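# Residue-level structure breakdown
What follows is the residue order along each chain.
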Amino acid sequence: MLKLLKQVKVVKHVQKTSGENKAVVIQEVESSGTAQLIDIQHTAAVKAGDRVTAIGSSHTSLAYLALPGVSVFDAAMASEKVQQAVGNIRLQLERPLEQAPPETANIFDNEYVQDGYTSIKVVMRRQFTLTLRSKSFLYARMIQVFEKQYSARFFRPYAYLLACTLSQIPLTLVEMVIYTPLVYFLTGLTLANNGAHYITYAIAAFLCANTFAMFTRFAASLCHTKESASGISGLCITFFLLFSGFLIAKNKVPDWWIWVYYISPLQWAITALICNEFLSDTYSQPCNNSITYCRGRSDMNIGQAYLAIYDFPTTTLRGYWVPVLVLFFYYWVLSCCCFWTVANVRHEEVKLPSIARLLRNQTAISKPLEGKTKFRFSRIFKSVQNANNDVGIKFEPAMLSFHQIVYEIKIPGIKDPRVLLSNVSGFSKPGTMTALMGSSGAGKTTLLDVLAGRKTTGRILGDILANGYPKEQETFARITGYVEQNDIHTPFITVRESFQFSGSLRLPRGTSAGARQKFIEEVLKLLELNEIEDKIVGAIGDGGLSVEEAKRLTIGVELVANPSILFLDEPTSGLDSRAAQVVMRSITNIVESGRSVICTIHQPSRRLFFCFSHLMLLKRGGEIAYFGPIGEQARDLLEYFHSRPGVSECSADQNPASYMLEIIGAGIGHTAERDFARDYQQSSLAQQYRIFIKNLKELETYKFGRGKFGLEPIIKGYGATYWQLCKIVTVRQFRTYWRNISYSFGRMMLMIVLGLILGTTYYQIKYDNIAGMSSRMGLIYIGVIMVGLTNANNVIPQVNAERVVYYRERASNMYPVLFYSMSWTLAEIPYLCISSLLFCSICFSLGGVATDSAKISFEFWIILCEYTACITFFGIFLAMMTPNAQVATLIIPVVVNIWNMTSGFMIPKKKIPSFWMWLYWINPTQFTLNSLAAIAFHCDLDNPPCDTCTLLPTSCPECPCVRVQDQDNMLAWYIMKDSMSLDYTKRYENMGVLLMFNLFFMIASVFALKCMKFDRR
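In this text, all values refer to a predicted model and were calculated from it rather than measured experimentally.

### Details of helix α25 (residues 722-739)
Taking 1.5 Å per residue as the helical rise, α25 with its 18 residues ought to reach 26 Å, and the 26 Å between its terminal C-alpha atoms agrees with that figure. Tucked inside the fold, the buried residues of α25 contact α16 (495-506), α26 (741-744), α27 (746-761), α28 (770-811) and α29 (817-847).

Structural data, given as structure tokens:
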């Protein structure tokens, strides 16, 4: 427990205990001694017997007494350190549990701090708040938060689940109040019995909604990630929909699948809703032979006769009340199962997405080093004077200067903009490494982004010069590299392939393939990555590259572009001391080549800090507190701050980096001892550099800088030809798809499984009656929708995960947006063709659809493949247009369902309202279903013996085409042609229309990626 002691002489005497573990303990405390708590609300006062584990003052770091390798203080030394401290004293104390108050010790006797009632009440309040604020609660994503909080025993599992369940009910009621009246009354459902059937309709819908919500929560409690929970629950719900009695009638379900029909909760819900409608008084008229489906059912009314066609119950008890009770039973059973899984099933934290987890155990193909030679960067990169050497690649040293930089952003609701950088001036010469340091919020990364041209928002004032010439971002991007703090890479390519991709796209066009390859080899050796050059990047820090290896890869990807100026944003963040040393050693070698390096760094160690030659220190508000050389052992830096009146000196054992941050007020508990920004402006040091910067500005103004500081950057455009750009980007995407086994080949396995399920469900189904015709059409409908929607939902997270890589590469001007967007669609095509072919050959062959000839089967597959590609490209478009995968996956089912409703299947074309007719004509699902249905039900009436067929049931008795028995033996083709407005002759025209839809979504994806910018910085 960390306490800040207000009195200097709090500890009167300290003694050293004997025993196995020696420790310094407090023997006595003065009555005036008090303790002020940091970040904890309640604590006990310091008392005798407390063990001292660390001692420090306000200007020194804590000296730990009990860490391995740390010299142990004896009582006299500890007491002397306390007595000689200036200002406040910091003690880190430990108190044995037996010395704690009884009420505190009893807390650890129970697994939970709160009782059951209090736990339920607290969690209930939180869940109701979440329900009002965030809809993500509805999708069971809170299960990951639960795992973390349950491990700390915040609450009991049943308290959490009960709160989730009860907090959802009010929202479901609101949805029912909004949804059910609109659907029920606008569609003209029955108003018999004074609207009583609406009440029963709403009850069944409410139970169905809660049952499936509980089912989704149950799936989430079983799965490690929300992606797997979403996939399993979606697959099960689709399975339930298939056997709900809507897509295939009960009397057409094969015996080996009939059990699924009875366990499907959706079947019971649909049965209740359908029977609620057709068993009402609206359909109580007795049957007569003029109605085709009433023939042979004279003892029924028309509602019961219609239900009997599809084998639905014909009594109110079996048709409505039994399904309602079954739904309630399902809800209770799922709740019990969910309670059990939440309480007993534990999940380890999963950091890897499923697509990368397969690569967890991958080993690299290591290549032994030819010798442990120390590589010098100057040996790898040659300057202009030595550019004739075949091993090196030409580069121009560049001097970067910036003058009076002001950066401000607008804050909504505030009139005046907020200034983040205030008149910042400085420079970076070739062969120097400048550190940007300061407290959090001082503007370090902001300045780096402004200089590198990575800012996409706000207003920038001032001048940025390269070799004395005004910076133009198009040319500036060709001579600079930017190493971001986050290591963003494509996970399915190797380290060497990452280097080759960057070098091929960013090195000058005149670079030969041999020189480029040698260049990449030397960079691999420099960054000590040659031993893992064939290792796939994978999930960084968890199965793929380590964090330190990924950081060196990030530096190398920028380094193979042969930049003159290199920007790095906290390259040692998240690394241990050894990894930080490796990274800084690599950066130091880069500086030795004559490049300008500017690097933000946060609280470096003493050794790392001395690697820098210059320092720009920023204080809050984006003002300069110091800019100049650091000097050997930070001599120049310390001399400047020691010369300021009233500033404490840096002790010999103190890190100069920590010292200067503390005196300017950086960090918690520190206040600035002076206004160092004003001191810097008035110091002779600032005058010296201001004159130098002024000279640079005059040279830029009068164009006298040419030839003195370097040549003007004039190279624009891309580093390769358009053909090479297209080929390199597309090859990388194909390689990514090939190695992304769970996505590319996983969906093929999914298509096989779906094909087998649907094929065996509709096995050789006959369509010689109304139920058979509906079931055959249901097979086509569910097959088309499932294949298309599954591919679209799967591609969205892939595109979204790779989009951050695109943003990094776009900022480096590596390739046009057209080639990146096109690479996704081109890489998708082979897998779409194969997966749709697998599904079509299994599902529709078993179902007996489009199997009359190879030509018919080929046409059927081509149309299905085009539609699958269309919906997949639409998913790519949404992924590029929306800020995240969650938004895209919410939009796509809405759009696809609108297409489904206006496709002519659910509502015949003749019944679609005129004001919605435009949706019918811009609907790819309509063109697909019409073409596939026309092929599946077509009867050739132009050639004998069917050329004499008419609408009369007795015409052309020798025609082999299928006739519908319960429709007066009319040809099935006539019935389907009339009801769905089918036209067999337009199937080729519809193929062309689907091709146009594909091209439209491909082009739309390009514009979406170009115009929608979600990398705001």
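### Some words on the state of the cysteines
Here the structure, examined in full by the defined rule, presents three disulfides. Each disulfide pairs two cysteine sulfurs, and for C287 the partner residue is C294, the sulfurs being separated by 2.5 Å. Measuring handedness by torsion sign, the sulfur bridge of C287 and C294 sits at about -55° and is left-handed. Just as C287 is buried, C294 falls in that class too. Residue pairing for C939: its cysteine sulfur links by disulfide to C961, the two sulfurs lying 1.6 Å apart. Disulfide C939-C961: the torsion about the S-S bond is 80°, which places it as right-handed.

### Digging into the environment of E94
By the element assignment, E94 lies in strand β7 (residues 89-94). Put simply, E94 and R51 are 43 residues apart on the chain and 4.9 Å apart in space, counted from C-alpha to C-alpha.

### Regarding the side chain of N930
With respect to the secondary-structure elements, N930 resides in helix α33 (residues 924-937). For N930, the side chain forms a polar contact with the side chain of Q926, separated by 2.9 Å. When neighbours within four sequence positions are excluded, N930 is seen to be in contact with S903, Y920, M980, S981 and L982.

### Digging into helix α34 (residues 972-980)
Three or more residues of α34 are buried, namely A972, W973, Y974, I975, M976 and M980. Buried residues along α34 sit against α28, α33, β18 (963-964) and β19 (970-971). Positioned one or two residues after α34, S981 has a phi angle of 55°, which is positive.

### Topic: empty space enclosed by the protein
Following the criterion strictly, the structure yields nine cavities of 30 Å³ or more and no others. Here the largest cavity is characterised by a volume of approximately 80 Å³. Taken together, H489, T490, I493, S498, F501, S502, V557, R732, R808, E809 and M814 form the lining of the largest cavity. Elements with a contribution of two residues or more to the lining of the largest cavity: α16 and α28. Residue contributions to the lining of the largest cavity peak at three residues, all from α16. For the lining of the largest cavity, the residue count by class is four nonpolar, four polar and three charged.

### Some thoughts on the environment of T760
Mapping T760 onto the fold places it in helix α27. Under the relative-accessibility criterion, T760 is labelled partly exposed at 23%. Ignoring sequence-local partners within four residues, the contact set of T760 consists of P254, W256, W257 and L846. Looking at T760, its side chain comes within polar contact range of the side chain of W257, at 2.8 Å.

### Notes on the packing of helix α30 (residues 854-881) against helix α31 (residues 885-901)
Viewed as axis vectors pointing N to C, α30 and α31 meet at an angle of 140°, and their least axial separation amounts to 10 Å. On the basis of the axis angle, α30 is oblique to α31. In this structure, α30 crosses over α31, and the sense of that crossing is right-handed. Between α30 and α31, the residues in contact are I871, F874, G875, L878 and A879 and A888, I891, I892, V895 and W899, respectively. In terms of residue class, the contact of α30 with α31 is made up of nine nonpolar, one polar and no charged.

### Quick look at the sheet that holds strand β15 (residues 596-600)
Reading across the sheet, the six strands line up as β13-β14-β15-β10-β16-β17 and stay open at both edges, with mixed pairing between neighbours. Two strands close off the open sheet at either side, each with one partner strand: β13 (480-483) and β17 (623-629). In this sheet, adjacent strand axes meet at a mean angle of 15° when their direction is disregarded. Looking at chain direction, strand β10 (residues 433-438) and strand β16 (residues 614-619) are connected through five bridges and run parallel. Bridge assignment links A435 to a residue of β16, and that residue is L615. Sheet strands in contact with helix α14 (residues 444-452) are β10, β13, β14 (565-569), β15 and β16, and its direction is about 150° off that of β14. Relative to the sheet, helix α22 (residues 656-663) contacts β10 and β16, its axis offset from that of β10 by approximately 40°.

### Comments concerning the nonpolar core
I780 and F844 are the most contacted members of the largest nonpolar core, which has 121 residues in total. For this core, the element with the highest residue contribution is α28, accounting for 18 residues. Dropping the residues within four chain positions of it, I780 is found in contact with F844, V849, L929, L932, A933, A936 and F937. Judged by nonpolar contacts, the second largest core, of 87 residues, contains I601, L638, Y640 and A657.

### A few points about unusual backbone geometry
Negative phi characterises most residues that are not glycine, and trans characterises most peptide bonds. Note that the residue after P944, namely P945, is joined by a cis bond; omega there is 5°. Within the fold, P945 resides in the loop between α33 and β18. One non-glycine residue, N193, adopts positive backbone phi at about 55°. Structurally, the position occupied by N193 is in helix α6 (residues 192-222). A positive phi angle, close to 50°, is found at E570, a residue other than glycine. For E570, the position within the fold is in the loop between β14 and α19 (577-592). Given a relative accessible area of 14%, E570 falls into the buried group.

### As for the confidence of the model for the protein
Keep in mind that low pLDDT regions are not for reading the predicted coordinates in detail. The predicted model of the protein has a mean per-residue pLDDT of 78, with 76% of residues at 70 or higher. Contacts for the low-pLDDT stretch residues 132-142, under 50 throughout, to residues beyond four places or in other chains number 22 contacts. The low-confidence segment residues 349-391, where pLDDT is below 50, has 74 contacts with residues more than four positions distant or belonging to other chains.

### Section: the sheet that holds strand β11 (residues 459-466)
Spatial strand order, β9-β8-β11-β12: four strands in an open sheet with antiparallel pairing. Strands at the two margins of the open sheet, each flanked by one partner only, are β9 (418-428) and β12 (469-470). Strand direction decides the pairing type here: β11 and β12, joined by two bridges, are antiparallel. Residue pairing in the sheet places L465 in a bridge with P470 of β12.

### Topic: the packing of aromatic side chains
When we look at a pair of aromatic rings, we describe it by the centre distance and by the angle of the planes. In the structure shown here, the tally under the stated rule is 52 aromatic pairs. Each residue in the set F501, Y737, W738, Y743, F745, Y806, Y807, Y815, Y820, W824 and Y831 is aromatic and connected to the rest through ring pairs, giving one cluster. A cation over a ring is seen here: R776 above F937, with NZ or CZ 5.5 Å from the ring centre. Above the face of the Y984 ring, R987 is positioned so that its terminal group lies 4.0 Å from the ring centre.

The rules behind these values
- Residues numbered from 1 in each chain as written.
- Predicted model: local features only at pLDDT ≥ 70, side-chain atom pairs only at ≥ 80, totals over all residues.
- Heavy atoms only, no water.
- Helix = DSSP H or I, 4+ residues; strand = E, 2+ residues; numbered from the N terminus.
- Expected span 1.5 Å × (residues − 1).
- Contact = heavy atoms within 4.5 Å.
- Disulfide = S-S within 2.5 Å.
- Buried < 20%, exposed > 50% of the residue type's maximum accessible area, 1.4 Å probe, protein only.
- Polar contact = N/O pair within 3.5 Å; in protein donor to acceptor, adjacent residues only side chain to side chain.
- 1 Å grid on protein atoms, 1.4 Å probe; cavity = no way out; pocket = protein on both sides within 12 Å on 5 of 7 lines; lining within 4 Å.
- Points joined across faces, edges and corners; volume = space filled by probe spheres on them.
- Nonpolar A, V, L, I, M, F, W, Y, C, P; charged D, E, K, R; others polar.
- Axes fitted to C-alpha atoms, helices over the stretch in contact; angles between N-to-C directions.
- Parallel < 35°, antiparallel > 145°, perpendicular 65-115°, else oblique.
- Left-handed = near helix turned anticlockwise from the far one by under 90°.
- Pairing = 2+ DSSP bridges.
- Core = buried A, V, L, I, M, F, W, Y, C linked by side-chain atoms within 4.5 Å.
- pLDDT = per-residue confidence, 0-100.
- Phe/Tyr/Trp six-rings, centres within 6.5 Å; stacked < 30°, edge-to-face > 60°.
- Lys NZ or Arg CZ within 6 Å of the ring centre and 35° of its normal.

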